[in-house]
Amino acid sequence: MTDDAVEHARVDQGYTGQRAANAAAKHGIALEVVKLPEAKRGFVLLPRRWVVERSFAWATRFRRLVKNYERYAETLAELHVVAFACLMMRQVIASAAVS
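Enquirer: Sorry, what's going on with the pattern of salt bridges here?
Expert: Between side chains of opposite charge, a pair can form as their charged atoms come close. Applying the stated criterion to the full structure yields 2 salt bridges. Measuring nitrogen to oxygen at the nearest pair gives 3.5 Å for the salt bridge that ties Arg10 to Glu32. Highlighted residues: Arg10 in strand β1 (residues 8-11) and Glu32 in strand β2 (residues 30-33), separated in sequence by 22 residues. Looking at Arg10, the relative accessible area reads 46%, which means it is partly exposed. Where Arg64 meets Glu70, a salt bridge forms, and the shortest distance between an N and an O atom there is 2.7 Å.

Below is the structure:
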């Protein structure tokens, strides 16, 4: 196992219960269940959930990640690293151009 293992995970209400807690504890992951407010009216932004959804949306810009071409999971994980490195480089270049 590498040093960059997951230690904390924010999950939605589908992961409440003992089964999810036991599975997370088995791997040393602390679960934080993000719940809807009690008196919900209209659209309510849940804390930090948008970060994951935004990241998945960015990944869909790379066709190779959208289609299931890869035979090995390791190859797919490495392609995700390359895709997000490209996205980060674009942001660095854009912020350098502004300043």
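Picking up where we left off.
Enquirer: So what exactly am I meant to see when it comes to the environment of His27 here?
Expert: Residue position: His27 is located in the loop between α1 (18-26) and β2. Placed 22 residues apart in sequence, His27 and Ala5 show a C-alpha to C-alpha distance of 9.5 Å.

Enquirer: Before we go on, may I ask you to explain the pairing of β1 in this structure?
Expert: Side chains on a regular strand alternate between the two faces of the sheet. Here β1 shows a clear split, with Ala9 and Val11 buried on one side and none of His8 and Arg10 buried on the other. Note that the unit made of β1, α1 and β2 has a crossover that is right-handed.

Conventions we followed
- Chains are numbered independently. Their residues run from 1 in the order of the written sequence.
- In keeping with the model being predicted, local features are shown solely for residues with a pLDDT of at least 70 and side-chain atom pairs are shown and tallied solely at 80 or more, while totals for entire chains, interfaces and linings include all residues.
- Hydrogens and waters are ignored; side-chain quantities use all the structure's heavy atoms.
- Take a side-chain nitrogen of Lys or Arg and a carboxyl oxygen of Asp or Glu: if they are within 4 Å of each other, that pair is a salt bridge.
- Each helix is a run of H or I in the DSSP string that is no shorter than four residues. Each strand is a run of E no shorter than two, and both are numbered from the N terminus.
- Each residue is placed in one exposure class: buried if its accessible area under a 1.4 Å probe, protein chains only, is under 20% of its type's maximum, exposed if it is over 50%, and partly exposed if it falls in between.
- The handedness of a crossover follows from its direction of travel: if, with the strands pointing away from the viewer, the path from the first strand over the helix to the second runs clockwise, the crossover is right-handed.

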